[in-house]
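# Coordinate inspection notes
If you want the building blocks of each chain, they are given just below.
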Amino acid sequence: MGKTKIKAQVASTPTDAILDSISDGVFTVDLEWRVTSFNRAAEEITGVSRQEAIGRRCAEVFRSSMCGAACALQQTLRTGKPIIGKSGYIIDAHGNRIPISISTAVLRNSSGQVIGGAETFRDLSEIEALRQELQGKFRVGDLTSRSPLMQRVFEVLPAIAGSPSTVMVLGETGTGKELVARTIHSLSPRRQGPFVAVNCGALPDTLLESELFGYKAGAFTGATKDKPGRFALARGGTLFLDEIGEVSPALQVRLLRVLQERTYEPLGGTRSENAEVRVIVATNKDLMEQMRQGLFREDLYYRVNVVRLELPPLRRRKEDIPLLVEQFVTRFNRLQQKAVQGIAPEALSLLMAHDWPGNIRELENAIEHAFILCNTGEIGIAHLPPELTAHIHAAGSMVDMRSAHDILDAQTIRAALERNNFNRLAAARELGIHKTTLFRRMKKLGITPPPKDGRNRSHREK
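Residues numbered from 1 in each chain as written. Predicted model: local features only at pLDDT ≥ 70, side-chain atom pairs only at ≥ 80, totals over all residues. Heavy atoms only, no water.

## Re the pairing of strand E8 (residues 167-170)
Quick reminder of the rule: Think of it in three bands: residues with accessible area under 20% of the maximum for their type are buried, residues over 50% are exposed, and the middle band is partly exposed, with areas taken using a 1.4 Å probe on protein chains only. Helix numbering and strand numbering both begin at the N terminus, where a helix is a DSSP run of H or I of at least 4 residues and a strand a DSSP run of E of at least 2. For two strands to count as paired, DSSP must find a minimum of two bridges between them.
The side-chain alternation of E8 yields two buried faces, one formed by Val167 and Val169 and the other by Met168 and Leu170. Sheet topology note: the E8/strand E16 (residues 307-310) ladder contains four bridges and is parallel. Considered in E16, the bridge of methionine 168 is made with arginine 308.

## Quick notes on the packing of aromatic side chains
In plain terms, the rule: Pairing of aromatic side chains requires ring centres within 6.5 Å, counting the rings of Phe and Tyr and the six-membered ring of Trp. Pairs whose planes differ by under 30 degrees are stacked, by over 60 edge-to-face, and all others tilted.
Summed over the entire model, instances satisfying the criterion amount to ten aromatic pairs. Note on phenylalanine 27 and phenylalanine 62: the rings are 4.6 Å apart at their centroids and 40 degrees apart in plane angle, and the pair reads as tilted. Residue phenylalanine 27 is located in strand E1 (residues 25-30), and its partner phenylalanine 62 is located in helix H4 (residues 58-62); the two are separated by 35 residues in the primary sequence. What links up through ring pairs into an aromatic cluster is the set Phe27, Phe38, Phe62 and Phe121.

## Remarks on the sheet that holds strand E9 (residues 195-199)
Pairing between sheet strands relies on hydrogen bonds along the backbone, with the strands arranged either parallel or antiparallel. To keep it simple, the criterion reads: Lines fitted to C-alpha atoms define the axes, with helix axes restricted to the stretch in contact, and inter-axis angles between N-to-C directions lie between 0 and 180 degrees.
Taken in spatial order, the five strands line up as E9-E12-E15-E8-E16 in an open sheet, and their pairing is parallel. The open sheet has two edge strands with one neighbour each: E9 and E16. Mean inter-strand twist for the sheet, computed between neighbouring axes without regard to direction, equals 20 degrees. Sheet analysis places E8 next to strand E15 (residues 278-283), joined by four bridges and oriented parallel. Looking at E15, one finds that valine 169 is bridged to alanine 282.

And the structure:
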C-alpha cells in the first residue's frame, strides 16, 4: 500500500521540528476533541494535510475503528492512565484500511492542568503484510504446518484439488486424513457441493452397501420407503471413503464398477444412477501387502491410486507441536468459554518428548484433558494426562527445555537426511550449517545414518 506524499512544511517551533523527525504519527487534541497539532508522519499515514486536520474533530480526520465508545484517548482522559500499543485501524483519505497500533497520554500545561490529550500511532501495514505472507506459507485451507514434510504436501494440494481424479490419502490413525480430504474439497471446483464422509471400517458389509448406494422401498424387510445413499447425497461434491482397506472383497467389486463406469444401482433398484461425485479414499493400512494376501483387489487398488498423498506421523513433524497446541488452546477456549493462556515451557517439553502413536488426535485429546483441570493461566505438567507424566516420572528425571530443543533438533536433522538420501553434505547445505557442525550435532544427538552398501554408495557420501 503506497503512502500519500504530503508537501514538506517548515516546522514553526523546536517541538514541531522534533515531532516531524519521528516516524510515528503524533497528534494532540483539546478538551473539545479538536486537533491542535499534527506531525509529518501523521500526514503521510492518513493522507490528510496538517492544514486540513488542525481545527477539525479527530473522529472526522481518522475514521478509526477506535472512535466513539472504543476511543483509547477518551479512556485516558477519563482515567488519567496512558494506553500503550492498542491495535486497531483507520481509513485514510483514499478509503484504504490501515492497521495501526496507538499509545495515548494526558496533555498538561506548565501548571499541571489537563488541556487535552496526545496520541501516537504506528502504521502496521508492512508488518501485517509480512504476517499474512508467512501465514500463507504455513497454511493451506484448514491445514497448518511448519514441517518441511508437510510443506511438500501443501505444494501439490492446489493442483490435486483442481483435478477430478480419485485421490488416495495414506497415513497412520490420527494424522488428519479427513482434514486433508476436506481441504482438497474446499479448494476444488466442487467446493459449493456437499462433502460427505463415510467410515468404511465402522459398518458391517450389509449396512455399508446400503449406506453407500441407498435402497428402494421393498428391497428388504423394513424398507418401507426409498433411502438415498451417500453417493446420491454427495452429488455435485466430494465423497470421502475413510478406511477403504476395511471393505470386503465382495463390496470392492461394486466400488470398482462405480469408479470405472461412474454409475451404480441402489439395493432393489432396476435402473442405474449416475455417480456425479469426486471420490477421495484413505487408509492406514499397507494396501500393497493386502493385495499380496488377496485381501484387496489389484484392479481397485490401481483405480483409487491415481493420485497419492502420504501424511507423515506427528513423531516425524514434531516442529508442528507448538503450533498445534496453540490452535487447540484457542479452540477449547472458545468452546469452553475459558481463558487458558497457553502452555508452560516444561509441559511443552514433555509433549515434545512423546512419540504420539495416536498422532494429532492424541495430542488434541491431551489438550482437551488439560482443559478439564486448568481453568486459567498456563497448562502445566499436572494438567496433562497420566500416560504422559507417568513415563517421565518413571525415567527418574524431568524433561527440560534443553532436552525439548534436542528432540526438535534431532527431528529436523533426520528429516533433512532422509530428504537428501542420507547425503550429509547435501543435508548440511539444506539446513544452512557447515558440514562439521552437522557431524557434531549428529554425534551429540546419537543420530547414525544407515550402513552403506553397494546399492546406495552412489547416492551417499563415501
